[in-house]
Amino acid sequence: MSFIHRLFNLGRSTRLSRDIDREMAFHIDERVAELKAGGMPEADARREAARQFGNRTAQGEATRDADVITWLDSVLGDLRYATRALRNSPVFTLVAVLSLALGIGANTAIYSLLDAVVLRSLPVPQPDQLVQVTLKDSVGSAGDGDGYFTNPLWEQVRDLQTGMTSVAAFGESNFNIASGGEVQNVRAEMVSGEFFNVFGVRPAVGRLLTPSDDVRDCDATAVLGHGYWERAYGGRTDVAGTRLALEGRPFEIVGVAGPGFDGPWVGREVEVYIPLCGIAMIRGNRRSLDSRSSWWLNVIGRRDAALPVEQVAARLQTIAPAVFGATIPGDWPADMKDSYATRSLGAIPAESGLSGVRDRYSGALAVLMAAVGLLLLIACANVANLLLARATSRQREMAIRLAIGASRRRVVRQLLTESALLALLGAAIGLLAAHWGTQGLVALISSDSSPVSLDLSLNRRVLGFTVVAATLTAFLFGLVPAWRGTRVSPQTAMKADARGVAEGHGRFTIGKALVVAQVALSLTLLVGAGLLIGSLRNLVSVDPGFRSNGVLLATVDFRRSDLPTEQMSQTFRTLLERVRSLPGVGAASTSDMTPISRSSWNNAVYVDGYTPVNFMDGVAWFNEVSDGYFATLGTKILTGRDFNSGDVVGGERVAIVNDAMAQKFFKDASPLGRTFRLKRGDTYTDPYTVVGVVESAKYQSLRETNSATVYLPSSQNDAPGASVTFELRSTGDPLALVSSMKRAIGDVHGAGTVQFTTLDRQLALSLQRERLLAVLSSVFGMLALGLSALGLYGVMAYTVARRRNEIGVRVALGADRGRVMRLVLGDVARVIAIGVVAGSIGAYASGRLVASFLYGLEPVEPFVMLAAAAVLAVVGFAAGIVPALRASRVEAAEALR
């Protein structure tokens, strides 16, 4: 019989058995008829026909084996029986499946995010051929350095490289498409002409950018990202030829990129592509591409399949002297020029693209992956305990199976099939929960200003991970109960008053060992969660040197206006005076950048009497602010004065320094009246006189130690930029000032655009990773604690039930209720104590794992360890108190009956 027919017969098992019975009956009836025709009586003929046919059951089984795939039929039979067995125990099945769904779902959710951010290749042809060109500090240095290039550097690499078949440069930015009022940004990528060729992207509509589009003084052209085209244009096929205003400059849309490719940055969907030369139009400066100190481009190329990455790197290293020699920045000091000329080029694989999300969250995801792995082990131990208890209640069933000839191996297989079915059900529910969980995780790492876009669709790798997790889980929690469940003597188990294999004070030790493992793993998770929560608390409570509550930040941009540079400063000043008079505004100021905004400006300074140890030792951080800035942000002026109306262009150059700057550069002497200069190439600027000292404030991060910071007055800048940030301290809700701020901008100049946020929100975004770790680790810790408590309760309840006779004897001999409770709670205490001791090793490892994310805490904190152990003890005793009370209420006569 063919394989297909045998496979088909598996679906008609009952009908096949009837067919075989009818066929056997037909053959016997035929033989009976033959014997009767020979003169034999019917009764004798039927007996003789049955004797000649042989064992009818054995013949039927042999025929069935020939008509079906035997091993598969056996597996299906095990599955049918397992389904009935689980259906007959709904409470057990529900608890076991939900425990496993929790563990497998959490693992799948974290792995899905890890896969999307770290592991997955770009959805382009032959992604393994992509290489990123990087910078090295010097020829032959061990590690690759920064990946950002200047445009002159990129052009040299493009023209001189020979190791790649095609190479492209690209730089990310956001461009405003609103005609006025509040900013409406699109995520843009400025790309070289070979960009789409390197990544193998094809157009969905029109054409893509080519090298002819990327030349100096090029036409303003743009390509839409596929997702943005569908959202903003409804997928219109006539979009090519229309125009899109970016920062007020019209760009002609020439096409739409094909589906599937969202750009080279994983986590950031590109909505608009423009050629590199388009940046000159956006900035209104034709020479912006010639800057040798503006580092904003990444370079990725496609290597020949026969050329390994190492050879590409070797060829790039060969051209490095010519590349750097031709692009030395003219305004750098001589020592920095010499260092620049000795830099080199490298190449690293880029099949996974680039990703700021990856750089920021890959370590956090690894920590979370370890946490959910421990959570799954705890869930497995919990289900294993349930199965151990269930195996004891089924020992008569197992005894009957063994007594009628089933091998121990066959019974183990049946029990493992039940475990596998539980795991598959848990995996199915967990997979569904993981889909929702990953959406929530992405929301935790996204923000309105920087949304994260990831492909979280189910793929083979995620599905394979879930299947492997479910398979390993089934064996982890199923093997020991299955092995133990078959260790039963049929003769003893089938006695009417037989005691189970778990009876007695010293029995069921496997269950207690599993609870010990749960306690140890829970302690590991709780200590890690405690450290991360404590670190977040330290960061939130750190004094940043300013008050963030009640401050609205409004970034106002007049680049679209026709204001000449010399009028820009006065326009901002007029707007500032108008803002200060708005109802609800307690104080207002402007600044070039705000604290913890990911923007920075540093410069080497020269102070008489201070000799820096190295270049960075002589560097200070800068900001340009208006008068009232410190009052608005709540930063104390320690000595001296604030900027005032006398600080004007052409007057004495003044500056305010923070306390860290004063202590570092001026030591114990008063900094007031002291001067410093800024380094400009090989020369220095005119001196700045210190007129005030303010308390030190965090500049880039809440984690940083206080850095030397200099504040310069915006009123002395004779060439201000077209964009500045206003800080408005509100007497109420800061967002209530948005509408009045918009009106004020419109009254001063209708072409101004504005973007709003709050300083509180800005600080919260800086702690996004820490908050993600603290929230999820605490959730996983609480789940682990709950599962451990459930496991401990189950084991102790089972132990009390099995020791009912023993407890009855103790009561009959005079033991009081308190003594019985102490007996049970003593078992609980031993389990918890052993678990805590065993878990201390895991807790130490947990602290080391999260060490890089801690602030103000050590990887080993005795207080956190003791607190976690105390929480475990309280929860453990709470779980054990009910079985202890039940034991204390045992009546001796009833127990001994």
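Up top is the structure these notes are about.
Reading the values: the criteria
- Residues numbered from 1 in each chain as written.
- Predicted model: local features only at pLDDT ≥ 70, side-chain atom pairs only at ≥ 80, totals over all residues.
- Heavy atoms only, no water.
- Axes fitted to C-alpha atoms, helices over the stretch in contact; angles between N-to-C directions.
- Helix = DSSP H or I, 4+ residues; strand = E, 2+ residues; numbered from the N terminus.
- Parallel < 35°, antiparallel > 145°, perpendicular 65-115°, else oblique.
- Left-handed = near helix turned anticlockwise from the far one by under 90°.
- Nonpolar A, V, L, I, M, F, W, Y, C, P; charged D, E, K, R; others polar.
- Buried < 20%, exposed > 50% of the residue type's maximum accessible area, 1.4 Å probe, protein only.
- Pairing = 2+ DSSP bridges.
- Phe/Tyr/Trp six-rings, centres within 6.5 Å; stacked < 30°, edge-to-face > 60°.
- Lys NZ or Arg CZ within 6 Å of the ring centre and 35° of its normal.
- Salt bridge = Lys/Arg side-chain N within 4 Å of Asp/Glu carboxyl O.
- Contact = heavy atoms within 4.5 Å.

Some details on the packing of helix 18 (residues 509-541) against helix 24 (residues 768-802)
Phase 1 of the analysis: Running from N to C, helix 18 and helix 24 cross one another at 155 degrees; their axes reach a closest spacing of 8 Å. Here helix 18 is positioned roughly antiparallel relative to helix 24, judged by the angle of their axes. Handedness of the helix 18/helix 24 crossing: left-handed.
Phase 2 of the analysis: Among the residues forming the contact of helix 18 with helix 24, the class breakdown is 18 nonpolar, nine polar and three charged.

Considering the pairing of strand 12 (residues 551-557)
Phase 1 of the analysis: Counting buried positions over the seven residues of strand 12 gives six, a clear majority of the element.
Phase 2 of the analysis: Looking at chain direction, strand 12 and strand 22 (residues 723-730) are connected through seven bridges and run antiparallel. For Asp-557, the partnering residue across the bridge sits in strand 22 and is Ser-723.
Phase 3 of the analysis: In this sheet, strand 23 (residues 753-758) lies alongside strand 12 in antiparallel orientation, the contact comprising six bridges. Note that in strand 23 the partner of Thr-555 across the bridge is Gln-755.

Side note on the packing of aromatic side chains
Phase 1 of the analysis: In the structure shown here, the tally under the stated rule is 23 aromatic pairs.
Phase 2 of the analysis: Judged by centre distance (6.3 Å) and plane angle (50 degrees), the ring pair of Phe-572 and Phe-726 falls under tilted. Placement of the pair is Phe-572 in helix 19 (residues 565-580) and Phe-726 in strand 22, with a sequence separation of 154 residues.
Phase 3 of the analysis: Residue classification places Phe-572 among the buried positions, given a relative accessible area of 8%.
Phase 4 of the analysis: Each residue in the set Phe-170, Phe-195, Phe-196, Phe-199, Phe-261 and Tyr-273 is aromatic and connected to the rest through ring pairs, giving one cluster.
Phase 5 of the analysis: Just above the ring of Tyr-361 sits the side chain of Arg-360; from NZ or CZ to the centre is 5.7 Å.

Overview of the pattern of salt bridges
Note on pairing: side chains with opposite charge can pair once their charged atoms come close.
Phase 1 of the analysis: Per the counting criterion, the structure on display carries 33 salt bridges.
Phase 2 of the analysis: A salt bridge links Glu-34 to Arg-31; the nearest nitrogen and oxygen atoms lie 2.8 Å apart. Of this pair, Glu-34 and Arg-31 both sit in helix 2 (residues 13-37), three residues apart, which is roughly one turn of the helix.
Phase 3 of the analysis: With relative accessibility at 28%, the residue Arg-31 sits in the partly exposed group.
Phase 4 of the analysis: With a closest N to O distance of 2.9 Å, Glu-182 and Lys-742 form a salt bridge. Here the residue Glu-182 occupies a position in strand 3 (residues 181-182), and Lys-742 occupies one in helix 22 (residues 738-748), the gap between them amounting to 560 residues.

Some words on the environment of Ala-45
Phase 1 of the analysis: On the secondary structure map, Ala-45 appears in helix 3 (residues 42-53).
Phase 2 of the analysis: A relative accessible area of 0% means that Ala-45 is categorised as buried.
Phase 3 of the analysis: Residues Ala-45 and Ala-33 lie 12 residues apart in sequence; the distance between their C-alpha atoms is 8.0 Å.
Phase 4 of the analysis: Once residues lying within four places of it in the same chain are set aside, the contact partners of Ala-45 are Val-32, Leu-35, Lys-36 and Met-40.

Without other data, these values stay purely geometric and don't point to any function.
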